[in-house]
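What follows is the residue order along each chain.
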Amino acid sequence: MALVDVTKSCLDSITQISEHIEGAVVYLDAGSTESFQFIGAFPLLLNHGVRAICSLESMSSLDAAVDWNADSDPDRKVVVVTSRLLSDAHRYILRCLSTHLAVRCCTIFTSISEMAHSAYPDSPLGPDAFHEYESLLVQDYEELVKKGEKKPIQPGVSNFKDNIDLGDEGWSGLSPSEEGSTARDSYGENLIAETEEVGKNLLVSVRHFPMIMCPLSPRVFVLPSEGSVAEAYLSAKHGDALSPGLPSLSTGLPSDGDDIPPGAALTAHFLHHFAAKMDLKMEIFSLGDLSKTVGKMLTDMSSLYDVGRRKRSAGLLLVDRTLDLLTPCCHGDSLVDRVFSSVPRKESTAFYAHIKTSQSQLKQGPSNLERASLDVQIPLAKILSEEDCKIDNFRLLESIEAFLCGWDSNNSASQILDLSNLKNKIYNEKLPQLENELLRGSLVTTESFRGTPYLEALLDRKTKEGTLLVKKWLQEALHLENILNVKARPGFATKSELQAMTKALAKSQSSLLKNKGIIQLAVAALAALDESHSSRWEAFSNAEKILSVSAEDTSQSLAVQIGDFINKSALLGLHGQKNGKLGAAQGVLSFQDALHLMISGYILAGENFPTAGNDGPFSWQEEQLLKESIVEAILENPSIAKLKFLHGLMEKLETNLNRIKSEESKKESSDQINIDDLDDDQWGNWGDEDVDDTNSSKEKVYDDMQLKLELRDRVDNLFKFLHKLSSLKSRNIPLKDGALDSDNNFTGDPYASRGLLYKLLKRVLGKNDVPGLEYHSSTVGQLFKSGFRRFGLAQAKPSLADQNIILVFVVGGINGVEVREAQEALSESGRPDIEMILGGTTLLTPDDMLDLLLGKSSYF
């Protein structure tokens, strides 16, 4: 029987729609682009006859000019692939149609199912969502065309941009900056003749395309960061909620059906259709309140039709992220985590939802949140831009110049002048920003070495093992290219060795294209091993080890360590400010990093000191010292803590600090004035000045006290939030009895503690009971069971370990360490027959967790 392969299933789904995309201009939104980039779908799209692949959010009328299949008809066929709700993508689809006036057929593929559209809160679409949207789009498009016909169309002038307001169509319009250029010079006079027929023969069809995801390997995937499923909030704003991007605490209290977060509903629909595409019949298990909600929704979607179909049986394990926040907060030993934390990411697209905020949503929180992009921008320019950089850039600009001359001979003079100036700028400054923009790489799951995907191999290894594997791949690739002048010593892979081998392999264009996968991965590893990133990661890792050891001692020892980190980081931040250095030095943790460590420290305190009082895991005196340290650090240097809990107070703090500095400088300068230089007439005014100084000083003291009180209130609220984090073990019912903590240390190494996912899989695969793990029996299954019970033939509860295929999905996200630990748990179980798929809402880095807990994505 064939092995489960998520990447292959995604590519097969594209092949299944080949008849719709052949000869079409395909527009991908940001989430779809992210997904297709990971699975390496762009060559496949071109093989299926796609004319051009363009961005939906930044589309242009010139997109149709990029024609990869010249034998096809003009741009009369447009395909849009979106990972968002149709209502959110509507404005961009409408702008796309209004730009390509010759289009006659528009096919829209959305990853959100028709049922999910109708069930989404405040959705403007009903049960027949797809057909409703088809008619709405045609209606809005025809109205756009009619408005555009009010003014005669002239070559080089965009009537749609000047005369049409997309907001008038009942959907949110684009701002002028978003509309971009919609010039139609390429159409010329034919555009005027065709305008009358525009909109009359437009055929629109909407179809469901569920396989839009980002596979990190054939068996590990996350959802696109800019898709509706990942961006929808997972918890409403209430006492047990931490962040809209994380599930609420699992207190066991029942929730009303109306209060189901949109993220839970969209996740359930995604998993249902994912299982259908993979031909899997799921036995559903859940751990955590939100996971139980998702499991119930999945169970309700089952039907008699699903029972009769021949599908492979599989187990689905849903887990709430809030059951283990410590693992993604920590800087574990994973090369993949380091890469995603070190390499620059693509900036998120400014995408605005159509839905107006209702009163219920104001109470619940935001309708969506911003996730960090999964599209890493690998800096290939550092490797490829050597002596021949200038020559390559000149050739590139000469090609662009020739293209512009042929494109529009009337307006090419100014453009040629600009290019001439650009050449001079390259000659003088080398234009590093242009190199960085042109020479960027990405991680692609399908890139492999002798059949083994690169990312899959690295996910299962620690940092040292991963860099050694990258070094081995580079050596074998150099050998195959017959490049023998690069020497490397056996043992640990150093940065200089990896850099030398990568440069040698990328020296010729043929070798670069042939080995682009390993070259991009090597450059990403080099960025992660760079001193500016690795020193901070190691400093974090060492500090977390100190906190872990202190947590096994006493609460006082742990509180002292946390206070030490805060004081040191504040002192170094103040020293850097005086020296004019805004950023922290290499290997030195900033004050914000110290607050990040405080989060880990409080979670550790709650796990190790469960008998602590309701006011937190530390004594009043210990916590008071921590509060005073934070208050003093912020007062002395407000710029070191730009977090959400200081929102609205930063300007006051900075103004107060600047006033104190100016007063100190004035005082120093006044002390240097010689008394003999004073005039005799000034002596008579001294009494009045004393009165004025006294009044102003009283006002300043009052302002200072008021500012300190306000800051103390903010810091008190911060510690209340930290108390909630320290109560994760006591308030999360599945963690209360400590069944998942009994094997906290499997290796005897105090630094080798494992995450919840490892412990959970060890118990499940060992067929041990897991408190709080709920099995969701389907409606049909319940009917069969009730029938058997009448005859005394009650069936035993199914076990997840009995399945040959296990899908583990973490609601809220996963990280690279958990992927490796899950594979270790599977290999240690002695069950090589089990195929395990691991998925999550997103890929979490420690910085992402700080943003979710204390940053702009937090409820705090």
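Residues numbered from 1 in each chain as written. Predicted model: local features only at pLDDT ≥ 70, side-chain atom pairs only at ≥ 80, totals over all residues. Heavy atoms only, no water.

Comments concerning the overall build of the protein
In step 1: When its secondary structure is counted, the protein shows 38 helices and 16 strands.
In step 2: The 860 residues of the protein split such that 52% are buried.
In step 3: Sequence separation of at least 24 residues holds for 80% of the intrachain contacts in the protein that already meet a minimum separation of 6.
In step 4: Accessible surface, the protein as shown: approximately 40,200 Å² in total, 51% of it carbon and sulfur. (Helix = DSSP H or I, 4+ residues; strand = E, 2+ residues; numbered from the N terminus. Buried < 20%, exposed > 50% of the residue type's maximum accessible area, 1.4 Å probe, protein only. Contact = heavy atoms within 4.5 Å. Areas by Shrake-Rupley, 256 points an atom, 1.4 Å probe, with all protein chains shown as cover.)

Examining the nonpolar core
In step 1: Counting residues in each nonpolar core, the largest one holds 74 residues, and the members touching the most others are L317, L443 and W473.
In step 2: The leading source of residues in this core is helix α26 (residues 516-529), at ten residues.
In step 3: Among residues more than four places away in sequence, those in contact with L443 are Q37, F38, V339, F340, V376, I378, L455 and L521.
In step 4: L242, L369, L649 and L707 belong to the second largest nonpolar core, which has 59 residues in total. (Core = buried A, V, L, I, M, F, W, Y, C linked by side-chain atoms within 4.5 Å.)

Some thoughts on the pairing of strand β15 (residues 805-811)
In step 1: Counted residue by residue, β15 has seven buried out of seven residues, so it is predominantly covered.
In step 2: Note that strand β9 (residues 312-320) and β15 share six bridges and pair parallel. Pairing of L317 across the sheet is with V808, part of β15.
In step 3: In the sheet, β15 pairs with strand β16 (residues 835-840) via six bridges, with the strands oriented parallel. Bridge pairing in β16 places V810 opposite G840. (Pairing = 2+ DSSP bridges.)

Thoughts on the packing of aromatic side chains
In step 1: This structure, assessed with the given rule, holds nine aromatic pairs.
In step 2: Each ring, one from F221 and one from F274, has its centre 5.2 Å from the other, and the planes form 35°; the classification is tilted. On the criterion of sequence distance, the pair formed by F221 in strand β7 (residues 220-222) and F274 in helix α12 (residues 262-277) is long-range, its members being 53 residues apart. A single burial state applies to F221 and to F274, both of which are buried.
In step 3: Look at Y454 and W473: their rings are 4.8 Å apart centre to centre, the planes differ by 70°, and that puts the pair in the edge-to-face class. One end of the pair, Y454, is in helix α22 (residues 454-459); the other, W473, is in helix α23 (residues 463-480), and 19 residues separate them in sequence.
In step 4: In this arrangement the basic side chain of K627 is found over the ring face of F719, its NZ or CZ atom lying 5.6 Å from the centre. (Phe/Tyr/Trp six-rings, centres within 6.5 Å; stacked < 30°, edge-to-face > 60°. Lys NZ or Arg CZ within 6 Å of the ring centre and 35° of its normal.)

Describing the pattern of salt bridges
In step 1: In the structure shown here, the tally under the stated rule is 26 salt bridges.
In step 2: Between K627 and D716 there is a salt bridge, with the nearest N and O atoms lying 3.1 Å from each other. Of the two residues, K627 sits in helix α30 (residues 620-636) while D716 sits in helix α32 (residues 686-726), which places them 89 residues apart along the sequence.
In step 3: In this structure, the salt-bridge partner of R831 is D833, at a minimum N-O distance of 3.1 Å.
In step 4: A residue is classified by how much of its surface remains accessible, and D833, at 40% relative accessible area, is partly exposed.
In step 5: Taken together, the salt bridges that share partners define one network made up of R219, R312 and E835. (Salt bridge = Lys/Arg side-chain N within 4 Å of Asp/Glu carboxyl O.)

Overview of the pairing of strand β3 (residues 77-82)
In step 1: The element β3 is extensively covered by neighbouring structure, given that five of its six residues are classed as buried.
In step 2: Looking at chain direction, strand β1 (residues 25-28) and β3 are connected through four bridges and run parallel. Along β3, the bridge assignment pairs L28 with V81.
In step 3: As paired strands, β3 and strand β4 (residues 105-110) are joined by six bridges and run parallel to one another. Within β4, the position partnered with V81 by the bridge is F109.
In step 4: The parallel pair β3 and β4 is bridged by helix α5 (residues 86-99), and the resulting crossover is right-handed. (Right-handed = clockwise from strand over helix to strand, strands pointing away.)

A word on the packing of α23 against α26
In step 1: Where α23 meets α26, the closest approach of the two axes is 10 Å, and the angle between their N-to-C directions is 145°. Crossing geometry of α23 relative to α26 is assigned as left-handed. In this structure, α23 uses T463, T467, V470, W473 and L474 to contact α26, whose residues at the interface are I518, L521, A522 and L529.
In step 2: Here the residues of the contact of α23 with α26 are counted per class, giving seven nonpolar, two polar and no charged. (Axes fitted to C-alpha atoms, helices over the stretch in contact; angles between N-to-C directions. Left-handed = near helix turned anticlockwise from the far one by under 90°. Nonpolar A, V, L, I, M, F, W, Y, C, P; charged D, E, K, R; others polar.)

Notes on the sheet that holds β9
In step 1: If you trace the seven strands from one edge of the open sheet to the other, you get β6-β7-β16-β15-β9-β8-β14, paired in mixed fashion. This sheet does not close on itself; its edge strands, each paired only once, are β6 (214-217) and β14 (774-776). The sheet shows a mean angle of 25° between the axes of neighbouring strands, direction not considered.
In step 2: By the bridge criterion, eight bridges tie strand β8 (residues 280-287) to β9 in an arrangement that is parallel. Bridging across to β9, I284 finds its partner in L316.
In step 3: Across the sheet, α12 is in contact with β7, β8, β9 and β15; its angle to β15 comes to roughly 160°.
In step 4: Together, β7 and β16 form the strand contacts of helix α37 (residues 816-828), whose direction differs from that of β16 by roughly 160°.

Quick notes on the environment of A801
In step 1: Tracing the chain through its elements places A801 in the loop between α36 (779-790) and β15.
In step 2: For the pair A801 and N768, spaced 33 residues apart in sequence, the C-alpha separation works out to 9.8 Å.
In step 3: Excluding its chain neighbours within four sequence positions, the residues that come into contact with A801 are V764, L765, K767, R831 and I834.

What about the side chain of S235?
In step 1: Structurally, the position occupied by S235 is in the loop between α11 (228-231) and α12.
In step 2: Polar contacts involving the side chain of S235 include one to the main-chain carbonyl oxygen of L246, which spans 2.9 Å. (Polar contact = N/O pair within 3.5 Å; in protein donor to acceptor, adjacent residues only side chain to side chain.)

Side note on the environment of E544
In step 1: Relative to the elements of secondary structure, E544 occurs in helix α27 (residues 531-551).
In step 2: Linking E544 and S600, residues 56 residues apart in sequence, is a C-alpha distance of 7.7 Å.
In step 3: For E544, the contacting residues outside a window of four places in its chain are C329, C330, H331 and L597.

Focus on the environment of A24
In step 1: Inspection of the secondary structure puts A24 in the loop between α2 (18-21) and β1.
In step 2: A sequence separation of 54 residues divides A24 from V78, and the C-alpha atoms of the two residues are 5.2 Å apart.
In step 3: Excluding residues that lie within four positions of it along the chain, A24 makes contacts with G49, V50, R51, A52, K77 and V79.

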